[in-house]
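Listed below, chain by chain, are the residues.
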Amino acid sequence: MRFPKEGLLVALSASGVRAVNNGLARTPQMGWNNWNTFHCSVSSTLLTNTAKLLTEYGLQDLGYKYVVLDDCWSSGRDANGKLVADTTKFPDGMGAVADALHEQGFLFGMYSSAGEMTCARYAGSLDYEENDAQSFADWGVDYLKYDNCYHMGRFGTPLISFNRFNEMAKALKKTGRSILYSLCNWGEDYVHTWGGSIANSWRISGDIYDSFARPDDLCSCTNAADPACIAPGTHCSVLAIINKVAPYIDRGLPGGWNDLDMLEVGHGGMTEEEYKAHFSMWAALKSPLLLGNDLRAMTASSLAIINNPAIIALNQDPRGRAIQRISRDLDVPVDRHGVGETHVWSGPLANGDQVVIFLNAADADLDMSASLEDIFIMDGVGTAPQIQQDWAVHDLWGNSGSRMSLHDAQALLDAKDADARRSFLQTKLDWYNATELPYAQGLSRRDPRLFGERIGVVEAGGKISARVPRHAAKVFRLQSVSGQDTTRKSLLRDEL
Ligand code: GAL
């Protein structure tokens with residue numbers, strides 16, 4: 001049966017998942033936010049110096065273009081009720097910060113709370129929405145992260161929270177300036193059911209912390225459907241956040257995304273494999289990718305994770321669909337350590353390729369596998385046409401192919417100045433530049449820098465197997481080698 005085009009639109013809007021229509025975040029936003037490392041130690045120099053390093057390390061040209069200032073930037077309100085920037089931290093005011101970042105080719109993000117105060121007890125925007133939105137627009141702000149502290153009891157049902165956050169959505173719109181709107185109410189009041197109608201992203205959990213899988217009582221609330229789940233908390237591990245978003249990852253669509261919180265890569269609390277798994281899952285789950293590390297003290301290992309263009313290309317894929325979890329095993333025996341948890345995730349990409357992730361959250365190295373029947377289960381239980389094709393398997397963390405070597409990453413970090421870094425990236429490495437070749441184009445041209453390392457072929461009806469280290473992810477991109485474009489083929493089949 002075929003939907004007429006209009007029928008499809010009606011179906012989408014009736015189910016309430018149509019994304020906010022401000023033209024922004026057609027792919028998840030990327031950038032840097034100071035909170036995870038610097039907390040309240042913010043200043044205009046921190047932002048502009050970080051922006052400079054984002055440029056020099058080639059990260060701006062990989063898509064990290066929002067520089068987002070978090071809490072603790074104001075010194076209260078003036079007699080007219082207007083927010084005032086702290087002049088010690090921002091001596092020339094916020095407009096000057098925006099100008100400086102714009103000159104460097106970045107977009108400027110700011111922070112407030114839909115509460116009487118922000119979480120660090122600075123002035124919040126509740127009941128000052130129009131005033132504050134106008135200040136942000138006047139200063140040249142391009143992005144607002146909008147938190148949930150001190151909400152004066154105005155929460156408890158989806159409608160109450162929606163109304164509170166919608167006041168700022170309306171105020172931002174009224175300014176006429178294009179401002180990406182990023183909700184931070186920690187998954188409260190089923191934000192995944194309404195966030196997409198007013199905002200470009202919405203946090204789905206309490207605050208992340210720098211641990212891969214360690215449970216913590218401060219992040220006890222992991223099930224949004226649990227009526228006792230009123231305080232999403234902090235200290236949420238990477239695994240806790242992945243498990244929390246799993247039931248509603250389909251809510252992310254071009255224009256509005258589930259936000260899994262800022263990245264921890266580079267803080268030092270996880271192993272290299274854990275950080276690779278964290279970054280891969282955030283990318284493939286279509287979370288905003290906001291770096292949270294101190295770029296002045298970055299290791300080669302961290303740089304070579306956050307700059308993997310083949311992983312970022314999953315995040316920025318124009319099809320805009322997150323991976324789905326196709327299996328979760330909670331009882332994997334791991335020798336004397338008891339049992340552990342593994343997942344297989346899979347999802348379609350714009351060009352008909354398929355991404356497959358083996359996530360091993362258990363405390364031992366394990367063999368994992370998935371058949372083509374499992375991998376394409378969303379296209380038909382045992383009947384997906386893709387099962388009958390041969391697929392080239394590309395390892396997106398493969399050491400040849402697209403990934404920067406640790407040696408090159410160290411050389412880039414050690415280069416003497418901005419010019420040396422630029423010429424190293426351009427001349428020596430021919431490094432991917434998404435400003436010059438946006439991901440959608442690079443993917444459609446099959447630019448090899450976005451496709452990792454080809455490691456083999458899985459034949460029709462076969463399966464993929466891999467040894468996955470403890471707390472790690474194997475990330476594969478499957479490319480049909482049967483000479484068929486699967487997207488086209490399934491479209492044709494539906495049309496018959
Ligand atoms: C939390 C938020 C963090 C950070 C912090 C600032 O509520 O989840 O990401 O913004 O407030 O105080």
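Per chain, residues are indexed from 1 in the order of the written sequence. Totals for whole chains, interfaces and linings use all residues, but because this is a predicted model, local features are given only for residues with pLDDT of at least 70 and pairs of side-chain atoms are given and counted only at 80 or more. Side-chain calculation: all heavy atoms of the structure are included, whereas hydrogens and water are not.

### Details of the site of the ligand
Part 1: Throughout, the term near means that a residue has one or more heavy atoms lying within 4 Å of the molecule or strand in question. Surveying the vicinity of the ligand reveals 13 residues, the closest of which are Asp70, Asp71, Lys145, Asp147 and Asp207.
Part 2: Counted as a polar contact is a pair of N or O atoms within 3.5 Å, where, for protein atoms, one must be capable of donating a hydrogen and the other of accepting one, and residues adjacent in sequence contribute only when both atoms are in side chains. For the ligand, an oxygen atom lies 2.6 Å from a polar atom in the side chain of Asp70.
Part 3: At 2.5 Å, a side-chain N or O of Asp207 approaches an oxygen atom of the ligand.
Part 4: When the ligand is considered free in solution it has 310 Å² of accessible area, and contact with the protein chains removes 95% of it.
Part 5: Under the convention adopted here, Pro, Cys and the residues Ala, Val, Leu, Ile, Met, Phe, Trp and Tyr are nonpolar, Asp, Glu, Lys and Arg are charged, and Gly plus all remaining residues are polar. Considering only residue class, the shell around the ligand consists of 7 nonpolar, no polar and 6 charged. Per-residue accessibility takes into account occlusion by the displayed protein chains alone, with areas from the Shrake-Rupley method and a 1.4 Å probe.

### Concerning the domain arrangement of the chain
Part 1: Domain segmentation is taken from an automatic or database assignment of domains. When its domains are assigned, the chain resolves into domain 1 (30-315) and domain 2 (324-399 + 452-495).
Part 2: A straight line from the C-alpha centre of domain 1 to that of domain 2 covers 31 Å.
Part 3: Taken together, the contacts link 22 residues of domain 1 with 21 residues of domain 2.
Part 4: Here's the idea: put two parts together, see how much 1.4 Å probe accessible area each one loses, and the total over both is what we call buried area. Across the domain 1 to domain 2 interface the summed buried area is about 1,800 Å²; carbon plus sulfur atoms make up 73%.
Part 5: The largest contributions to the domain 1 side of the interface with domain 2 come from Asn243, Met281 and Leu314, which together make up 24% of the buried area.
Part 6: Definition used for salt bridges: Asp or Glu carboxyl oxygen within 4 Å of a side-chain nitrogen of Lys or Arg. Linking domain 1 to domain 2 there are 0 salt bridges.
Part 7: Our count for the contact surface shared by domain 1 and domain 2 stands at 5 residue pairs in polar contact (both at pLDDT 80 or more).
Part 8: Where helices and strands are cited, they refer to DSSP runs of H or I of at least four residues and of E of at least two residues respectively, numbered from the N terminus. Contributing elements (two or more residues each) for the side of domain 1 that touches domain 2: helix H8 (238-245), helix H9 (272-284), helix H10 (300-306) and helix H11 (309-315).
Part 9: Element by element, the count of residues in the side of domain 1 that touches domain 2 is highest for H9, at 8 residues.
Part 10: Here the side of domain 1 that touches domain 2 is built from residues that sort into 16 nonpolar, 3 polar and 3 charged. In what follows, a contact means two residues having at least one pair of non-hydrogen atoms within 4.5 Å.

### Some details on the sheet that holds strand S7 (residues 180-183)
Part 1: Pairs of strands are assigned from DSSP output, requiring at least two bridges between the strands. Taking strand neighbours across the sheet as the criterion, the 8 strands line up as S9-S8-S7-S6-S5-S2-S1-S10 in an open arrangement whose pairing is parallel. In this open sheet, the two edge strands, each paired with only one partner strand, are strand S9 (257-259) and strand S10 (289-291). Neighbour to neighbour, the strand axes of the sheet diverge by 25° on average, direction disregarded. To obtain each axis, a line is fitted to C-alpha atoms, and for helices this fit is confined to the stretch in contact; angles are then taken between N-to-C directions over 0 to 180 degrees.

### Observations regarding the packing of helix H13 (residues 406-414) against helix H14 (residues 418-428)
Between two packed helices, what matters for the description is the angle formed by their axes and the separation of those axes.
Part 1: Remark: H13 packs on H14, axes separated minimally by 8 Å, with the N-to-C direction vectors making an angle of 150°. For the crossing formed where H13 meets H14, the hand is right-handed. Here H13 contributes Asp408, Ala411, Leu412 and Leu413 to the contact with H14, which in turn contributes Arg421, Phe424, Leu425 and Lys428.
Part 2: Its residues assigned to classes, the contact of H13 with H14 comprises 5 nonpolar, no polar and 3 charged. By definition, any crossing whose near helix is turned counterclockwise from its far helix by less than a right angle is left-handed, and any crossing with a clockwise turn is right-handed.

### Quick notes on the state of the cysteines
Part 1: Criterion for a disulfide: a pair of cysteine sulfur atoms at a distance within 2.5 Å. Tallied over the entire structure, the rule returns 3 disulfides.
Part 2: Put simply, Cys40 and Cys72 are joined by a disulfide, and their sulfur atoms are 1.9 Å apart. Note that Cys40 is positioned in the loop between helix H2 (35-38) and helix H3 (44-56) and Cys72 in the loop between strand S2 (66-68) and strand S3 (74-77), a separation of 32 residues in sequence.
Part 3: Given the relative accessible area of 1%, Cys72 is considered buried.
Part 4: Disulfide pairing places Cys119 opposite Cys149 at an S-S distance of 2.0 Å. As the torsion about the S-S bond is roughly 95°, the Cys119-Cys149 disulfide counts as right-handed. One end of the pair, Cys119, is in the loop between strand S5 (107-113) and helix H5 (129-139); the other, Cys149, is in the loop between strand S6 (143-147) and helix H6 (158-175), with 30 residues separating them in the sequence.
Part 5: When a residue's accessible area, from a 1.4 Å probe over protein chains only, is under 20% of the maximum for its type it is buried; when over 50% it is exposed; and in between it is partly exposed. Look at Cys119 and you get partly exposed, because its relative accessible area is 31%.
Part 6: Looking at the unpaired Cys184, the closest cysteine sulfur is the one in Cys119, lying at 6.7 Å.

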